[in-house]
Amino acid sequence: MDKDRMSVRSALKTIMKAIRVTEFGGPQVLKLEINVPIPEPAQDEVLIKVEAAGINPVDTYIRSGTYAVKPTLPYTPGKDVAGVVEDVGAKVLHLKKGDRVYSMATTSGGYAEYCTAASSGTKILHSNLSFQEGAGIGIPYYTAYRALVIIGGARPGQTVLIHGASGAVGLACVQIARSRGLRVLGTAGSQAGIELISRNGCDVAFSHREEGYTDKIMEATERTGPDIIIEMLANVNLEKDLSMIAKKGRIVVVGNRGSVEITPRLAMQKECIVTGMVLFNASQDELNEIDAAVSAGMRDGWVKPHIGKMYTLEQAPVAHDDVINNKGAQGRLIFKIC
Ligand SMILES: NC(=O)c1ccc[n+]([C@@H]2O[C@H](COP(=O)([O-])OP(=O)(O)OC[C@H]3O[C@@H](n4cnc5c(N)ncnc54)[C@H](OP(=O)(O)O)[C@@H]3O)[C@@H](O)[C@H]2O)c1
């Protein structure tokens with residue numbers, strides 16, 4: 001380490017509060033520790049003083065040990081953060097100490113006072129947005145853009161149904177679709193969710209808890225169906241989506257929590273495409289495209305994450321229970337760290 005960097009490091013605290021997981025399991029395995037060493041950024045990483053961290057459903061799948069990718073134990077959960085760059089690795093040229101950033105590329109875990117992150121996945125947070133909002137950008141907006149625009153092929157003038165629009169990814173889909181000139185239909189499970197998605201750009205909002213709501217969606221499309229459906233709970237809705245989708249339309253499965261029986265004849269009649277989407281399959285070119293779109297959206301004001309609820313790190317077990325079991329989502333749940 002050179003002399004300048006040594007003086008930066010010695011000026012920093014050396015220990016921090018962080019959530020540590022020592023065994024996979026239920027929310028109770030999330031333990032707050034107060035003397036965790038502050039990580040050192042590698043040459044291509046930055047050290048971020050975390051102001052807020054996003055709580056994504058995937059954090060709970062990983063914590064339970066059932067997800068395809070398992071971190072080495074012990075680990076600190078959390079991919080999405082927003083905060084201030086505290087230190088940079090020797091090869092980092094585009095970021096400097098003091099920059100306000102958001103990142104979905106944490107390498108040491110975001111549920112902490114400090115984290116390291118790959119500099120390539122760490123971006124400037126526009127001054128239009130608070131740190132709390134910044135913690136809701138990464139996974140939700142990158143997922144939404146890739147599902148809607150890159151995989152869904154959304155074009156101005158088309159009609160999209162966001163099936164589950166009140167959560168973080170759904171709301172990002174609504175804002176992106178609106179900004180690109182689509183007609184936006186969305187569903188939510190509570191009155192507050194319906195109001196939220198309407199305020200964020202849904203032309204027509206429906207309750208996915210109301211009997212017969214799919215018929216109302218068909219009426220709203222003069223019975224031709226949406227051109228694109230972005231699906232947040234495929235194990236519950238895929239058969240309904242196949243019934244609703246327009247001829248030659250596209251159903252993009254973003255969320256799924258089980259298995260489902262479907263009638264393949266519906267897909268034959270519609271000649272529709274059903275495709276899955278996982279953000280972590282995104283190529284570097286796709287990530288560059290999404291960076292540019294999100295950056296423009298922050299500047300122009302339509303990238304505006306809604307914070308449903310804030311938690312302290314001490315409340316991590318409750319927060320993980322809420323993100324999976326609460327009905328009536330209203331955007332992103334986050335930890336407010338500082
Ligand atoms: N494929 C990927 O790369 C990727 C990336 C990120 C997230 N995801 C997945 O995408 C899903 C959404 O993520 P998120 O972060 O937005 O979660 P979230 O904030 O918890 O939102 C969940 C959404 O699902 C809705 N929902 C609940 N029951 C529904 C139903 N019967 N029909 C339609 N929608 C229903 C909720 O609506 P109400 O609460 O209003 O009922 C809410 O809008 C999760 O399953 C997550 O794991 C996938």
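In this text, all values refer to a predicted model and were calculated from it rather than measured experimentally.

**Some remarks on the domain arrangement of the protein**
For the protein, the assigned domains read domain 1 (3–137 + 305–336) and domain 2 (139–280). Here domain 1 and domain 2 have C-alpha centroids that lie 30 Å from each other. Note on domain 1 versus domain 2: buried area summed over both sides is about 1500 Å², and carbon and sulfur give 60% of it. The interface formed by domain 1 and domain 2 holds 0 salt bridges in total. Our count for the domain 1 to domain 2 interface comes out at 5 residue pairs in polar contact (both at pLDDT 80 or more).

**Topic: the packing of aromatic side chains**
Inspection of the entire model under this criterion finds 3 aromatic pairs. Geometrically, the ring pair formed by Y111 and F335 is edge-to-face, given 4.6 Å between the ring centres and 65° between the ring planes. Taken together, the residues span a long stretch of sequence, with Y111 in the loop between strand 5 (100–103) and strand 6 (114–118) and F335 in strand 15 (residues 332–336) at a distance of 224 residues. For the pair formed by Y111 and F335, the shared burial category is buried. A cation over an aromatic ring shows up here: R100 above the ring of F131, its NZ or CZ 4.6 Å from the ring centre.

**Here we look at the site of the ligand**
Around the ligand sit 31 residues, and of these Y61, S166, H208, R209 and M277 come closest. Contact distances for the ligand include 2.6 Å between a nitrogen atom and a backbone N or O atom of M277. Within the contact set of the ligand, an oxygen atom lies 2.8 Å away from a backbone nitrogen or oxygen of A329. Going through the elements one at a time, helix 2 (57–64), helix 4 (138–151), helix 5 (168–179) and helix 8 (234–244) are the ones with two or more residues in the shell around the ligand. Residues belonging to the shell around the ligand are distributed by class as follows: 16 nonpolar, 11 polar and 4 charged. Counting contributing residues per domain, the shell around the ligand is built from domain 1 (3–137 + 305–336) and domain 2 (139–280), each supplying no fewer than three.

Rules of the game
Residues numbered from 1 in each chain as written. Predicted model: local features only at pLDDT ≥ 70, side-chain atom pairs only at ≥ 80, totals over all residues. Heavy atoms only, no water. Domains from an automatic or database assignment. Buried area = accessible area lost by both parts, 1.4 Å probe. Salt bridge = Lys/Arg side-chain N within 4 Å of Asp/Glu carboxyl O. Polar contact = N/O pair within 3.5 Å; in protein donor to acceptor, adjacent residues only side chain to side chain. Phe/Tyr/Trp six-rings, centres within 6.5 Å; stacked < 30°, edge-to-face > 60°. Helix = DSSP H or I, 4+ residues; strand = E, 2+ residues; numbered from the N terminus. Buried < 20%, exposed > 50% of the residue type's maximum accessible area, 1.4 Å probe, protein only. Lys NZ or Arg CZ within 6 Å of the ring centre and 35° of its normal. Near = heavy atom within 4 Å. Nonpolar A, V, L, I, M, F, W, Y, C, P; charged D, E, K, R; others polar.

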